[in-house]
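# Summary of structural features
Take a look at the letters that make up each chain.
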Amino acid sequence: MRDSLRNRPIKLPRSSPYRSLTLVVALVLLALLLLVLDQAGMLGAVRPQIQSLLTPIMRLLRQVGDSVGGVSQGLTEVTQLRARVAALEAENSQLKAGNLQLQELQLQLTRLEAQLRIEKERPWKLFGADISARTPDGGRRVVLLAAGSEQGVKPGMAVLGKEGSSPPALIGVVENVGPRSSSVLLITDFSSAVSAQVYHKDIIASGVVQGQWQVGSRLKLEGIERAEPLVAGDVLVTAGLTARMDLALPRAAIPKDIPIGTIETIQVDGHSQRADVRPYVDPDRVSYAWVLLSQDE
Amino acid sequence: MGSAQPRRIEERVIRELWLALVLLGLALGQAALMPHLLGLAPNLLLLLTICQALIAGPANAARWAFYAGLALDLSADTALGLHALALLAAVLVAGLILARWSRGNWLLPLVGVVLGSLAYHTLLALLTGLLVAPISPRVYALVVVLPATILVLVPALPLFLVMRWVERRRRGEVPFDVY
């Protein structure tokens, strides 16, 4: 190709890939020659000498590389450890959930065992349920039980609780019943009145246990004849006369001999006696209770 | 004046020596320092020579390939000329096939690296098969060629852009890209 004006050859641009193809071919041939010579062992001591020069540099670089690699490995290990921590956290969470489930089952088992023990010792047929709610205000001492008419719960049934080593004791009476829940009036409520009797040696004294929570106490036994012997520590149980006594709970069906508490202090008031009663079970601390469905005669 | 005058032979020799030394240093660094991923280290020199072929043409890059190949042979203790031939093949394949592509095209380095890497590994496998021991092409392709190509493909675009920027600054060109 020629320049028509100046009549001289045009130079190809430097970036043309074909411009120095001869150089490429020469380099390829040179590389091939080196390969053949090396394979034939004709490079002699040249190559070992070059490599002996390069070896210390390589060793130095390798040391640097190892330390860098160590850091890199450390970083990789950190990443792996993070992944492992995440996996362990997930496993831990699962185990915690499983543990909670086991605790719940254990609790259920304990409650059922307690129920069985009570039913074995007493002629009662019980139904256990969680206390699902308490009244938010202090006006009334009422709790909601997670059992209702579908479970055989009826108004007036006695509700029992157990705390520590205490005997199963009365904590309230079923007031209203829904299909799956019921409200229980606690015996500590001011409006609660339950017929009771005190065993003192061979003598039995009868009275009424009245709730006192709203007036700053817990239970009070009233209506005991002055002549009846009453001593602190005497055991108070239900009398089973609630319905007959025409109290505020006309449908009350509380059987007799359910423990309520013990006598703490006694006050003589005219011809009668009054006593402060310490309940076996604090109704406010109970989270699980049994409804006494029936009693074997 | 200076640039218009033909370079003296001493200048050229020194320049070539510097290039060879730099590439030798890179080869040593690659052999000693480069982290291994999937059991392979990214072949920095292969990437450099391919990018150089795409930017400056295969003739210019052939020198890089030759020096880099010899440096790799020395640092890897392989037959002298083995890597040089493989790198020359990469340079030629990538440079000639993509000679008409614009240097502003962002796909150029990616396609070039794939082509160059395939040529490099194919020739290397052939020569290794001839000189050392036969290689199963399928296994070699899956175990070596594919991961090694992916490894050099990742930094191909950034390196190409840097090298192109340097080259344009050297030549005083105005950059433009084709999307």
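Look a little higher up for the structure.
Before going into details, it helps to say that this report is about the structure given with it. (Residues numbered from 1 in each chain as written. Chains lettered and ligands numbered in written order. Predicted model: local features only at pLDDT ≥ 70, side-chain atom pairs only at ≥ 80, totals over all residues. Heavy atoms only, no water.)

A word on the sheet that holds strand β4 (residues 142-145) of chain A. All names here are of chain A. Taken in spatial order, the six strands line up as β3-β4-β7-β6-β5-β14 and close into a barrel, and their pairing is antiparallel. Pairs of neighbouring strands in the sheet enclose a mean axial angle of 45 degrees, with direction left out of account. Taken together, the seven bridges between strand β3 (residues 124-134) and strand β14 (residues 288-295) define a ladder with antiparallel strand orientation. Among the inter-strand pairings, Lys125 is bridged to a residue of β14, identified as Ser294. (Pairing = 2+ DSSP bridges. Helix = DSSP H or I, 4+ residues; strand = E, 2+ residues; numbered from the N terminus. Axes fitted to C-alpha atoms, helices over the stretch in contact; angles between N-to-C directions.)

Residue and element names in this part refer to chain A. As summarised here, the arrangement of the six strands in space is β8-β9-β10-β13-β12-β11, forming a closed barrel in which the pairing is antiparallel. Taking each pair of neighbouring strands and ignoring which way they run, the sheet shows an average axis angle of 40 degrees. Bridge count for strand β11 (residues 235-238) against strand β12 (residues 259-269) is three bridges, and the pairing is antiparallel. In the sheet register, Val237 faces β12, and the bridge partner there is Pro259.

Residue and element names in this part refer to chain A. One non-glycine residue, Asp257, lies in the positive phi region at around 70 degrees. Mapped onto the secondary structure, Asp257 falls in the loop between β11 and β12. Under the relative-accessibility criterion, Asp257 is labelled partly exposed at 29%. (Buried < 20%, exposed > 50% of the residue type's maximum accessible area, 1.4 Å probe, protein only.)

This paragraph deals with the environment of A:Ser182. Residue and element names in this part refer to chain A. Within the fold, Ser182 resides in strand β7 (residues 182-186). Each C-alpha atom of the pair Ser182 and Val153 lies 7.8 Å from the other, and the pair is 29 residues apart in sequence. With residues up to four places along the chain from it excluded, the contact list for Ser182 reads Val143, Leu144, Leu145, Ala147, Val153, Val174, Asn176 and Val177. Among the polar contacts listed, one links the side chain of Ser182 to the backbone oxygen of Ala147, at a separation of 2.7 Å. (Contact = heavy atoms within 4.5 Å. Polar contact = N/O pair within 3.5 Å; in protein donor to acceptor, adjacent residues only side chain to side chain.)

Okay, the packing of helix α2 (residues 44-56) of chain B against helix α5 (residues 107-131) of chain B next. All names here are of chain B. Two numbers describe how α2 lies on α5: the axes approach to 9 Å, and their chain directions differ by 125 degrees. Taken together, α2 and α5 sit at an angle that is classed as oblique. Every pair of crossing elements has a handedness; the one defined by α2 and α5 is right-handed. For the pair α2 and α5, contact is made by Leu46, Leu47, Ile50 and Leu54 and by Leu108, Pro109, Gly112, Val113, Gly116, Ser117, Tyr120 and His121, respectively. Its residues placed into classes, the contact of α2 with α5 shows eight nonpolar, four polar and no charged. (Parallel < 35°, antiparallel > 145°, perpendicular 65-115°, else oblique. Left-handed = near helix turned anticlockwise from the far one by under 90°. Nonpolar A, V, L, I, M, F, W, Y, C, P; charged D, E, K, R; others polar.)

All right, on to the side chain of B:His83 then. Residues and elements named next belong to chain B. Residue position: His83 is located in helix α4 (residues 82-97). On the basis of relative accessible area, His83 is assigned to the buried category, the value being 10%. When near neighbours in sequence (up to four residues on either side) are disregarded, His83 contacts Gly69, Leu72, Asp73, Ala76, Thr78, Tyr120 and Leu124.

Turning our eyes to something else, we now look at helix α6 (residues 137-153) of chain B. All names here are of chain B. Approximately 30 degrees is the largest bend angle found in α6, and it occurs at Val145, with the proline Pro147 only one to four residues beyond. Every buried residue belonging to α6 is among Tyr140, Val145, Pro147, Ala148, Thr149, Leu151 and Val152, and all of these are buried. Among the structural elements, α2, α5 and α7 (156-171) are those in contact with the buried residues of α6. (Bend = angle between axes of the 7 residues up to and from the residue.)

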